[in-house]
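Here are the chains, one letter per residue:
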Amino acid sequence: MMASGRILLFIFLSLTTILRGYSQEHLTRSFETKLTGNKFKIQSLTLDSRGNIICGTDNGLFSFDGASFRPTIENDSQMTNAVMCLFNAEDGTLWIGYKNGRIDFLRNGEHHTLLKDDKGPSTPITSFTESKGGERLFISTLGEGIFIYENNSLSRLTTQNGLSDNYCYKIIRLPDDRFCVATDQGINFITYGNKKTQIIYVNTDNGLPDNIVRNLIVDEEQQLWLSFQEKGFCSIDLKTGHINIPETSINWSKGQVNSVLPLAEQIWIATESHGILSQSLGGNLKAVDLKIPGGKNENVRTLIKDNEGHVWIASGYFLIRSSTERWNRILDEKSSPFNFIHCILADNAGNIWFSPDQQLYCAKRQDDGSYKFIKYKITQQNRLTDIVTLWQDNHNNIWIGTLGEGVFVLNPKSGRVQHPGNHPVLLKGNVMAIEGNENTLLVGGFGGIISFLIHYDKLTGSYSLSPKEDELSKILMNNYIYSIHTDKEKRTWIGTDEKGLVLMENDKLIFFNDSDKLPAKTILSITSDSTGRIWLATQDEGIISYDGKKFEQFSINEGLSDPSPTSVIIDNNNNVLAIHSNGIDIFNPQSRSFQYYSSENGLGELNPDLNAISKDKDGRIWIGSERGIFTYHPPEDERWQQPEVHIEQILLFLQPIGRKQDLIFDYDQNNITIEYNSSWLTDPNRISYAYKLDGYSDKWEITKDKSESYPKLPPGKYTFKVKASLNNQFLHAKEATVTFEIQAPFWQKLWFRILLSITILLMILSIIKRRENRLRKAEQAEKEKIEFRFETLRSQVNPHFLFNSFNTLISEIERDPNIAIEYVENLSQFFRNIINYKDVELIPIHEELKLLETYIFIQSKRYGSSLLFTKSSVLSVKDDGYIPPLTLQLLAENAIKHNAISHESPLHIELEIKDDYLVLKNNINVKYKTEDSTGLGLVNIRNRFKILDKRPVLIEHTEQYFIVSVPILKK
Amino acid sequence: MIRHLFFLLCFISLQASADGTVYYYTNKAEVWFSSDAPQELIKAESNDLRGLIDIEKKTFVFKVLIRTFEGFNSALQKEHFNEKFLESESYPEAQFTGKIIEDIDYNVPGTYTIRAKGKLSIHGVEQERIIKTILTIKNSEIYFESNFTVLLSEHNIKVPKVVHEKIASEINVEIKGILKKKVLE
């Protein structure tokens, strides 16, 4: 009951204190080391250059991609021996040491054995290391000391050289390039030199707790950690040489330590029979529950860190992944997780305030880094009220917002709790968000948002709030307010239900909604990053950022897992964490890529309340969920981790090609498969790939496959490009490429084509030329023919001939009319022939003969016995030869024309056949008076024959005779 | 007598030793073992354990002939022990050879717990073992005692299923004896 106008303070002194330590639980996942029904035990673990885990087991070498095991080399029976140790050399070679002393190495995907013919060690290989630069390989064995492999030769360091013991468990290279060997008789520091090797001993005489040192590791602070057989572990400061023996190692009762792994805030100790123990700085030794299915197996062989913040542990038949470096869950004093955390706050002193039920807990940070719980009761015992929001003011008091009981303020030192005022919302309101500064306080809840002026009495430590009447309260009166956030620039952002985003700056209100391109109406959580960019978690629209100018949305299409994240916060690496009901997404704004943590990683089914998230001053993020409190420790290394894709190998007709082969193929080697892979140990099934073959297609294809085949590639130059992503956004993903070429068959090659074109061109040219020649020849022949005929015709229509013929006719008519008739008949026959043979090219010889004889008859009537004509008898037999018409006639005419014919000097024309030639011969009677002669007749004949036959016309001009031989033609 | 001299010589010949080396030696130390199975308890012992420690090199050898074990519940059992399980005709001896990890001054009387690390060979199968032993030095004598377990499976000693309830898979072994100083020229 309150008197009006006066502020009565409720003081609850029932402070329940529970001072017990809280414990942290890592999130684990166990993988059974099983392959095709066979189980195997892991002896050694290492990371390969691609980020995958290589397991050396008692059954050979396997690689693990985060989900399943695969033998490293297929079908190699040699490899199924007990592997003792593995080593990744700087040049990428993987060295493998076996129990029987054999040493193998994997280089470029090829497996080799180092020494043949039993020349090497015969005792188990325990470890490898190399000198700086990789020239020397050091090999430790159980019983033969240290082998040194250099330039294909093997030398040895044993007790005879000063080594403490030939039983060497581990050799490592120190930061100062000396080597340290762990043996049965303490450790040796070795300065190795070609001439002289210096050995310094450190054993129980020097203060070492135990002589049997099983393992060595150097951490980032130059501390050398030793694992003992009986006395636990210790460290040696390499800078000072001082041996630090942790308290837990005095009276060590946990048996043999196989390995020690220094982590960020603790050291993990893998033991032979007590599982994994955790030693935190200044704290106690605690057992780490690995949650191996099928009960406990207390033997832990080895453990390593990967590149994604996990620790991998080999124990029995399991490989266990622990998230301890990043994700942990907080357990209460009974080692069970809290349930249904509604809100959580990391205060200025590093204490964590949270509320799992109607009570308020504080995990108080101790000097040694551990936490102790204190419980505060805020509300009256018999009332059930949820505490849903927490805020700390500048007086270090904690403001508590509840559903139904308004606002309380708690002074952590005194434990005093009070309602800070009389206003109904402070007494009975449903308050979802509280935020303010020295003077004003904003209280938001189901009834809108109210501003208050703060009056703080230093002496009494009491608050009194008086409401401010302003626009804000009026406008948002009937709205649910989900979050209030003040950024670095002192702007206050308010997230509402259905009314979008509201900005309050210098008492001015700005509303953002659809028209401003803000796609969301309901804003659940608001935060800001170091650049001043505002990030919103919205209902149904994912996360949205605002840079002062525009809103940018990142929802399902951009790779967000859930469209309604309940909280959003920025980690110290400037990445955005979005918490949603089934996991946590971490978003990197520069590359627009995500990391996902969900049930695969123990972070599923969170069902968190709104804004149950806070960041402490160490950068650790505290997340409240249905399943308790989870913490996230962002990596020190700011490099944003994403899966990187590598080209593994290329197959030709589904057979792998050798590594060294250059990638130029013949035209028929055109069935190419490219295999690629990437590693994401957190969740390998999330990886998808985008690939493109330049030269074949311009489109990027997306697939989950790890290989692409191109069965019938045409010749050309190709570049295969592939990228990997977790959220199907490949824009900023790193690309792996490989270029290869399929050569064209020679008939497609340029030089061939050019040659071919030239050849064809030449052929065409020659064809054209020949045709031309032929045409020309034909033309010429035609011309010749015409000329010949013309000549012939000319000579036939020769008036002289006619005149003479008629004269002869006249005398013949008078002399002998019968012969005159014969004469005229011959003459007409002669002229008829001329007409007939006008257009004929060739006539049979017997016809020409007839023609000739007709002509001779005509002429002989004129010249009488002064003209003699003889022909050889053979002539009449031959009748398969041809000759151009009027050839012989023309020759005979020539003879008559150019020779004198008289009684004293008769003209004898002889015709015979000789060697397929028709030979016309006449004796020469020189004539003084020549008739008109063009001289073309003979030339014509000669040219005529040239076209018709290869054989030339032969002309012999002796003193006595004129001989013309024309070849006999065949048709 | 001949046997133990022979044994000594064997051991010495394996070491590249200088003159005047100090050994501690015994040829009649005791070994007990017991098999505590649900249906039967079997015990046997031998007084024939021979052992030698080279304190300079910190090495040791201990041997016992299998045939010298007595005390079984029956003669048949002893016969089975020798013929079937340990095949003492093929593997007449059980042996433990190795080195002592801790550095102790054998001239100073007192009680020390040391680790004997080496190869334990039973039934022809060697296993790497670290066996804690208590040494009490007094009057130039070393009194030693130790107990440890031997897993039959580790030494390829097969127990047929029929007798599983009668023979334990883990055998408890106790040894004790006195080593006397001997200097060899």
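If you're wondering where the values come from, they're calculated on a predicted model, not measured in any experiment.

1. Concerning the interface of chain A and chain B
Part 1 of the reasoning: Opposite the eleven residues of chain A that make contact, chain B presents twelve residues.
Part 2 of the reasoning: Here chain A meets chain B over a buried area of about 910 Å², counting both sides, of which 34% is carbon and sulfur.
Part 3 of the reasoning: Applying the counting rule to chain A against chain B returns six salt bridges.
Part 4 of the reasoning: One salt bridge in this structure joins Lys99(B) and Asp184(A), with 2.7 Å as the shortest N-O distance.
Part 5 of the reasoning: Taken together, the links from chain A to chain B amount to twelve residue pairs in polar contact (both at pLDDT 80 or more).
Part 6 of the reasoning: In the side of chain A that touches chain B, the residues fall into three nonpolar, three polar and five charged.

2. As for the sheet that holds strand β20 (residues 198-202) of chain A
Backbone hydrogen bonds hold the strands of a sheet together, and the pairing may be parallel or antiparallel.
Residues and elements named next belong to chain A.
Part 1 of the reasoning: Sheet architecture is open: four strands sit in the order β17-β18-β19-β20, paired in antiparallel fashion. Taken across any chain shown, the strands that pair with only one partner, and hence form the sheet edges, are β17 (168-173) and β20. The average angle at which neighbouring strand axes cross in this sheet is 20°, direction not considered.
Part 2 of the reasoning: By the bridge criterion, five bridges tie strand β18 (residues 179-183) to strand β19 (residues 186-191) in an arrangement that is antiparallel. When the sheet's bridge partners are listed, phenylalanine 179 is paired in β19 with isoleucine 190.

3. Observations concerning helix α4 (residues 799-815) of chain A
Residue and element names in this part refer to chain A.
Part 1 of the reasoning: Given a rise of 1.5 Å per residue, 17 residues ought to cover 24 Å, and the 24 Å separating the end C-alpha atoms of α4 matches this to within 8%.
Part 2 of the reasoning: Considered for burial, the residues of α4 that qualify are Phe801, Asn804, Ser805, Thr808, Leu809 and Glu812. The buried side chains of α4 occupy one side of the element, clustering within an arc of 140° when seen end-on. With respect to the buried face of α4, the exposed residues turned more than 90 degrees away are Pro799, Phe803 and Glu814.

4. Some words on helix α2 (residues 75-85) of chain B
Residues and elements named next belong to chain B.
Part 1 of the reasoning: For α2, the complete set of buried residues consists of Gln77, Phe81, Asn82 and Phe85. The arc that holds the buried residues of α2, viewed along the axis, is 130°, so those residues lie on one side. Exposed and oriented more than 90 degrees from the buried face of α2 are Ala75, Leu76 and Lys84.
Part 2 of the reasoning: Buried positions along α2 lie against β1 (21-36) and β2 (41-54).

5. Section: the pattern of salt bridges
Part 1 of the reasoning: For the coordinates displayed, the defined rule picks out 36 salt bridges over all chains.
Part 2 of the reasoning: Between Glu600(A) and Arg29(A) there is a salt bridge, with the nearest N and O atoms lying 2.9 Å from each other. Note that Glu600(A) is positioned in the loop between β56 (593-597) and β57 (613-615) and Arg29(A) in strand β2 (residues 28-32), a separation of 571 residues in sequence.
Part 3 of the reasoning: With its nearest N and O atoms 3.5 Å apart, the salt bridge here joins Glu648(A) to Arg50(A). Separated by 598 residues along the polypeptide, Glu648(A) in strand β60 (residues 645-652) and Arg50(A) in the loop between β5 (42-47) and β6 (53-57) bring together distant segments of the chain.
Part 4 of the reasoning: What emerges from the salt-bridge pattern is a single network uniting Asp165(A), Asp184(A), Lys99(B), Lys117(B), Lys119(B) and Glu128(B).

6. Considering empty space enclosed by the protein
Residue and element names in this part refer to chain A.
Part 1 of the reasoning: On inspection of all chains with the given rule, the structure shows six cavities of 30 Å³ or more.
Part 2 of the reasoning: Of the volumes computed, that of the second largest cavity is approximately 80 Å³.
Part 3 of the reasoning: In this structure, the second largest cavity is lined by Arg326, Asp571, Asn573, Asn575, Gln595, Tyr632, Pro635, Asp637, Glu638, Arg639, Trp640 and Gln641.
Part 4 of the reasoning: Counted by class, the lining of the second largest cavity contains three nonpolar, four polar and five charged residues.

7. With respect to the confidence of the model for chain A
Part 1 of the reasoning: Per-residue confidence for chain A averages 87 on the pLDDT scale, and 93% of its residues sit at or above 70.
Part 2 of the reasoning: This model gives residues 1-16 of chain A a pLDDT under 50, and the stretch forms 30 contacts once residues within four places in sequence are excluded.

8. Digging into the environment of Leu319(A)
Residue and element names in this part refer to chain A.
Part 1 of the reasoning: Locating leucine 319 in the fold gives a position in strand β31 (residues 318-322).
Part 2 of the reasoning: The spacing of leucine 319 and lysine 41 is 278 residues in sequence and 9.1 Å in space, taken between C-alpha atoms.
Part 3 of the reasoning: In contact with leucine 319, other than residues within four places in its own chain, are Arg29, Ser30, Phe31, Thr33, Ile42, Leu45, Cys55, Phe64, Phe69, Trp312, Ile313 and Ala314.

9. Examining the packing of aromatic side chains
Part 1 of the reasoning: This model, assessed by the stated rule, comprises 53 aromatic pairs over all chains.
Part 2 of the reasoning: Each ring, one from Trp327(A) and one from Tyr632(A), has its centre 4.5 Å from the other, and the planes form 40°; the classification is tilted. A residue pair is termed long-range when its members are at least 10 positions apart, and Trp327(A) in strand β32 (residues 327-331) and Tyr632(A) in strand β59 (residues 628-632) qualify at 305 residues.
Part 3 of the reasoning: On the numbers, 4.7 Å between centres and 45° between planes, the contact of Phe72(B) with Phe81(B) is tilted.
Part 4 of the reasoning: By the ring-pair criterion, three or more aromatic residues cluster together here, those being Phe31(A), Phe40(A), Phe62(A), Phe64(A), Phe69(A) and Trp312(A).
Part 5 of the reasoning: Sitting over the ring of Tyr596(A), Arg686(A) keeps its end group 3.8 Å from the ring centre.
Part 6 of the reasoning: Positioned above the aromatic ring of Tyr917(A) is the side chain of Arg951(A), whose terminal nitrogen or guanidinium carbon lies 5.7 Å from the ring centre.

10. Let's talk about the sheet that holds strand β74 (residues 954-957) of chain A
All names here are of chain A.
Part 1 of the reasoning: If you trace the five strands from one edge of the open sheet to the other, you get β70-β72-β73-β75-β74, paired in mixed fashion. Two strands bound the open sheet, and with one partner strand each, they are β70 (867-871) and β74. Within the sheet, the average angular offset between the axes of one strand and its neighbour, ignoring direction, is 15°.
Part 2 of the reasoning: Here strand β72 (residues 907-914) pairs with strand β73 (residues 917-923) via six bridges, running antiparallel. Its bridge partner being in β73, isoleucine 913 is matched across the sheet by leucine 918.
Part 3 of the reasoning: Each of β70, β72 and β73 touches helix α6 (residues 845-863); the most contacted strand, β70, lies at about 160° to it.
Part 4 of the reasoning: The sheet contacts of helix α7 (residues 887-898) involve β70, β72, β73 and β75 (961-967), and relative to β72 the element is tilted by about 150°.

Thresholds, definitions, all that
Residues numbered from 1 in each chain as written. Chains lettered and ligands numbered in written order. Predicted model: local features only at pLDDT ≥ 70, side-chain atom pairs only at ≥ 80, totals over all residues. Heavy atoms only, no water. Contact = heavy atoms within 4.5 Å. Buried area = accessible area lost by both parts, 1.4 Å probe. Salt bridge = Lys/Arg side-chain N within 4 Å of Asp/Glu carboxyl O. Polar contact = N/O pair within 3.5 Å; in protein donor to acceptor, adjacent residues only side chain to side chain. Nonpolar A, V, L, I, M, F, W, Y, C, P; charged D, E, K, R; others polar. Pairing = 2+ DSSP bridges. Helix = DSSP H or I, 4+ residues; strand = E, 2+ residues; numbered from the N terminus. Axes fitted to C-alpha atoms, helices over the stretch in contact; angles between N-to-C directions. Expected span 1.5 Å × (residues − 1). Buried < 20%, exposed > 50% of the residue type's maximum accessible area, 1.4 Å probe, protein only. Arc of directions from axis to C-beta. 1 Å grid on protein atoms, 1.4 Å probe; cavity = no way out; pocket = protein on both sides within 12 Å on 5 of 7 lines; lining within 4 Å. Points joined across faces, edges and corners; volume = space filled by probe spheres on them. pLDDT = per-residue confidence, 0-100. Phe/Tyr/Trp six-rings, centres within 6.5 Å; stacked < 30°, edge-to-face > 60°. Lys NZ or Arg CZ within 6 Å of the ring centre and 35° of its normal.

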